[in-house]
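Here are the chains, one letter per residue:
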Amino acid sequence: DEDVEEMHNLWRKSKDEWLSTINGGPDAKDGIECQSIPNNRRELRLVKDIMRSTRGPYQKFSSYYPLVEVVDLYMDIWSEDSSY
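The present account deals with the structure reproduced in this document.

Cut-off values and rules
- Residues numbered from 1 in each chain as written.
- Predicted model: local features only at pLDDT ≥ 70, side-chain atom pairs only at ≥ 80, totals over all residues.
- Heavy atoms only, no water.
- Phe/Tyr/Trp six-rings, centres within 6.5 Å; stacked < 30°, edge-to-face > 60°.
- Helix = DSSP H or I, 4+ residues; strand = E, 2+ residues; numbered from the N terminus.
- Buried < 20%, exposed > 50% of the residue type's maximum accessible area, 1.4 Å probe, protein only.
- Contact = heavy atoms within 4.5 Å.
- Salt bridge = Lys/Arg side-chain N within 4 Å of Asp/Glu carboxyl O.

Moving on, we come to the packing of aromatic side chains. A full pass over the atoms with the stated rule returns 2 aromatic pairs. Note on Tyr74 and Trp78: the rings are 5.5 Å apart at their centroids and 25 degrees apart in plane angle, and the pair reads as stacked. Placement of the pair is Tyr74 and Trp78 together in helix α3 (residues 67-82), with a separation of 4 residues, close to one helical turn.

Before going further, it helps to examine the side chain of Ser63. Topologically, Ser63 is positioned in the loop between α2 (41-52) and α3. With relative accessibility at 5%, the residue Ser63 sits in the buried group. Beyond its immediate sequence surroundings of up to four residues, Ser63 is in contact with Ile32, Glu33 and Gln35.

Attention shifts here to the pattern of salt bridges. The tally for this structure, following the rule as stated, stands at 5 salt bridges. Lys48 is the partner of Glu80 in a salt bridge, and the nearest nitrogen-oxygen pair spans 2.7 Å. With Glu80 in helix α3 and Lys48 in helix α2, the pair connects residues that are 32 residues apart, well separated along the chain. Residue class for Glu80 comes out partly exposed when judged on its relative accessible area of 23%. Between Arg52 and Glu80 there is a salt bridge, with its nearest N and O atoms 2.6 Å apart. With a gap of 28 residues between them, Arg52 in helix α2 and Glu80 in helix α3 connect regions that are remote in the sequence. Overall, Arg52 belongs to the partly exposed group, its relative accessible area being 24%. Each of Arg45, Lys48, Asp49, Arg52 and Glu80 takes part in one network of salt bridges that share partners.

Here you go:
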């Protein structure tokens, strides 16, 4: 059917336009690299202290951390805080 083919073509065109716009904007990370949360105690303590902060101005992280690691670290922080 011509109608089905026309609909498919319209879909492909719309999809291609959308894909080109989502990857064409400014970099949200502003060139800062993504790294795992540090393992050494001193740096990990610094990251935890920043995450615990409740008042600004907040200290900046040295890099972006994967969401899964951030959630895990928050779980650790909450369990530490609730054990006091």
